Amino acid sequence: MLPPKADSPLAEKYMQTNNISQKVIEKIKAGNVKMKPRSLFIFQAISLVFLALVVIVLAVFFTSFTGFALKVKGYSPFLVAVVSGVILFIMLAWVLSKKFSVFYKRPLLLGLAIILMAVAMVSLAVFLTPFHQTIMDYSQQKNVPIISPLYQCGCGCGTSHVCETLQKTPQSSCGCSNDGPAGGSCSIK
């Protein structure tokens, strides 16, 4: 590329860029700048993508779980904590998305809107499947360490005491029976 004419407006910008390039080259030659291995950048990129995917998956899971728990049990204070977690995951996804060129080249609110729409659409799709019902049934039978308490707190089912209480309550939307190995099983009526 030829340098611009000396009297053009681009000449000054070209000279500044050229000066910066010369300074960087001088520092490299002097040994003040050390190269980082390519594998480091690849590892950072893979880690960032993995972390962003985990955050999005957790946001989708907890958003669809909130809808499922509202359908099964209705409002509970526990769901406020879950919704707070969803908001935290969405904000974390937004912060992580600024590292990707798809997002940092656009206005900040557009990136947030894209993430919110993606999480809402995928959460709705998951909510419309029997995914949470299947996980809740499995967690009651096998007593899965983190999942079982999540569904017990969020949906109010899982123990025979909770199921008996729910059966006596006429406004309950959770159908419980005591024939499961974990002392009761719940399903949406």
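Predicted model only: the values in this text are computed from it and were never measured.

### Regarding the overall build of the chain
Helix and strand counts for the chain stand at 8 helices and 2 strands. Scanning the chain from its N terminus toward the C terminus, one meets helices and strands in the order α-α-α-α-α-α-α-α-β-β. Considering the chain as a whole, with its 189 residues, one finds that 27% of them fall into the buried category. Contacts spanning at least 24 positions in sequence make up 52% of the contacts within the chain whose residues lie at least 6 apart. Here the chain displays about 13000 Å² of accessible surface, and carbon together with sulfur accounts for 70% of that area.

### Digging into the nonpolar core
Burial of nonpolar side chains together is a common tendency in soluble globular proteins. Formed by 26 residues in total, the largest nonpolar core has its most connected members in Phe65, Ile90, Ile115, Tyr151 and Cys155. For this core, the secondary-structure elements that each account for two or more residues are helix H2 (38–72), helix H3 (77–97), helix H5 (108–127) and helix H7 (147–155). Top element by residues in this core is H2. It accounts for 11 residues. Mapping this core onto the domain boundaries places at least three of its residues in each of domain 1 (38–129) and domain 2 (130–189). Not counting chain neighbours up to four residues away, the residues in contact with Phe65 comprise Phe78, Leu79, Val82, His132, Leu150, Tyr151, Gly154 and Cys155.

### A word on the side chain of Ser97
On the secondary structure map, Ser97 appears in helix H3. Judged by its relative accessible area of 4%, Ser97 falls in the buried class. The contact partners of Ser97, leaving out residues within four places of it in the chain, are Phe103, Tyr104 and Ile115.

### Describing the packing of aromatic side chains
Under the criterion given, the structure shown has 6 aromatic pairs. Look at Phe61 and Phe131: their rings are 6.3 Å apart centre to centre, the planes differ by 85°, and that puts the pair in the edge-to-face class. Within this pair, whereas Phe61 is found in helix H2, its partner Phe131 is found in helix H6 (residues 131–142), the two being separated by 70 residues in sequence. Classification of Phe131 as partly exposed rests on a relative accessible area of 37%. Aromatic rings pair up to connect Phe61, Phe62, Phe65, Phe68, Phe89, Phe131 and Tyr151 into one cluster.

### Considerations on H7
Buried within H7 we find Ser148, Leu150, Tyr151, Gly154 and Cys155. One side of H7 holds all its buried residues, which, seen down the axis, span an arc of 160°. On its buried side, H7 packs onto H2, H3 and H6. Trailing H7 by a residue or two, Gly156 shows a phi angle of about 75°, which is positive.

### Notes on H5
A rise of 1.5 Å per residue sets the reference length of H5, with its 20 residues, at 28 Å; its end C-alpha atoms lie 28 Å apart and thus fit the reference within 8%. Regarding H5, the residues found buried are Gly111, Leu112, Ile115, Val119 and Ser123. For H5, the angular spread of the buried residues around the axis is 100°, confining them to a single face. With respect to the buried face of H5, the exposed residues turned more than 90 degrees away are Leu109, Met117 and Met121. Along its buried surface, H5 packs onto H2, H3 and helix H4 (101–104).

Cut-off values and rules
Residues numbered from 1 in each chain as written. Predicted model: local features only at pLDDT ≥ 70, side-chain atom pairs only at ≥ 80, totals over all residues. Heavy atoms only, no water. Helix = DSSP H or I, 4+ residues; strand = E, 2+ residues; numbered from the N terminus. Buried < 20%, exposed > 50% of the residue type's maximum accessible area, 1.4 Å probe, protein only. Contact = heavy atoms within 4.5 Å. Areas by Shrake-Rupley, 256 points an atom, 1.4 Å probe, with all protein chains shown as cover. Core = buried A, V, L, I, M, F, W, Y, C linked by side-chain atoms within 4.5 Å. Domains from an automatic or database assignment. Phe/Tyr/Trp six-rings, centres within 6.5 Å; stacked < 30°, edge-to-face > 60°. Arc of directions from axis to C-beta. Expected span 1.5 Å × (residues − 1).

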